[in-house]
Amino acid sequence: MNTDPKPHRAGFVSIIGKPNVGKSTLMNALMGERLSIVTSKAQTTRHRILGILNGEDFQLVYSDTPGIIQPKYELHNAMMSFVYSSLEDADVILFVTDIYEKHDEEPVVERLRKMVDTPILLLVNKIDQADQAEVEAKVEYWREHLPNAARVLPISALEKFGTGELLDLVLGYLPVHPPYYPKDELTDKPERFFAAEMIREKIFKLYKKEVPYSCEVEIEEFKEDETIIRMRSVIYVERASQKGIIIGQQGTALKKVGTWAREEMEKFFQKKVFLEIYVKVNENWRTDPKALSRFGYQ
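Everything numeric here is computed off the predicted structure, so don't read it as measured data.

Visitor: Sorry if this is basic, but what is going on with the pattern of salt bridges here?
Guide: Proximity of charged atoms lets side chains of opposite charge pair with each other. Within the structure shown, the criterion is met by 17 salt bridges. Salt-bridge contacts for Glu-197 lead to Arg-200; the nearest nitrogen and oxygen are separated by 3.0 Å. Within this pair, Glu-197 and its partner Arg-200 are both found in helix α6 (residues 191–206), separated by three residues, close to a single helical turn. The residue Glu-264 makes a salt bridge to Lys-202 at a minimum N-O spacing of 2.9 Å. Of this pair, Glu-264 sits in helix α8 (residues 252–269) while Lys-202 is found in helix α6, placing the two residues 62 residues apart along the sequence. A single burial state applies to Glu-264 and to Lys-202, both of which are buried. Where salt bridges share partners, they join Glu-201, Lys-202, Lys-205 and Glu-264 into one cluster.

Visitor: Would you mind going over the sheet that holds strand β4 (residues 92–98) with me for this structure?
Guide: Across the sheet, six strands lie side by side as β2-β3-β1-β4-β5-β6; this open sheet has mixed pairing. The strands lining the two open edges of the sheet, one partner per strand, are β2 (49–55) and β6 (151–154). Taken over all neighbouring pairs, the strand axes of this sheet differ in orientation by 20° on average, direction set aside.

Visitor: Where do I start with the side chain of Thr-97 in this structure?
Guide: Summarising the element assignment, Thr-97 is placed in strand β4. Excluding residues within four positions of it along the chain, Thr-97 makes contact with Val-21, Leu-122, Leu-123, Val-124, Asn-125 and Trp-142.

Rules of the game
Residues numbered from 1 in each chain as written. Predicted model: local features only at pLDDT ≥ 70, side-chain atom pairs only at ≥ 80, totals over all residues. Heavy atoms only, no water. Salt bridge = Lys/Arg side-chain N within 4 Å of Asp/Glu carboxyl O. Helix = DSSP H or I, 4+ residues; strand = E, 2+ residues; numbered from the N terminus. Buried < 20%, exposed > 50% of the residue type's maximum accessible area, 1.4 Å probe, protein only. Pairing = 2+ DSSP bridges. Axes fitted to C-alpha atoms, helices over the stretch in contact; angles between N-to-C directions. Contact = heavy atoms within 4.5 Å.

Don't take any of this as a statement about function, it's just geometry.
Put into structure tokens, the structure is as follows:
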């Protein structure tokens, strides 16, 4: 009887695709944890967020990346650099599309066609919103247009349909390798990063038009003891008029952001949270290399 342990597999799995195709929802479904913020607005994810999934004989390091766009200013360039760096070190690529996506010839598709040494799993997401004929047509389209994809899989990240099969497939492509991170780690990001992201998510959900895209959140102070976490945070905007919108009449809008974010943080950190939020103007931070460096984009 063979009692040899299974070889340990470990590797990096890059999740890429256009904005709003469900990359963050997929990452959270695969991890079983809510690491990436999810809203109905496009371009919510700005950083490369690692989610580390550990098993007895494997370690999967997922990268949730910003949606692929044509950059308009420095922040976009930084976001796209996260996407392309994740492709360079990927052992497996999950290219996420959805049933609504228009099929323009994208530079990233051209790049993926040339990647013959890295397994690509093409995922047609949101099939819970389509009929069988639409799903089959999309699958066939991608089989023709990305012939080097190892598999084309219809999934629903929201309903967790197909994600179990996807995990098994990914594990099959991972190289035999010791773990890259300690087995009890869940992500490479510090706690204050997730606190800032929770505030930013509430801004995306509560405000309209350009305002959420002009905001960045910084946690200036994060003090934790056994029973409570005390935080001081700043929401940066680009113009004084946006500061007024964020604060709202008699501070009601900002109070709503704070209450909603604090409730989410208490669930995430499993502790009481005392949260202070201030709003400051940092003009044109999205095009300022110094500001982008300070906010972790360079």
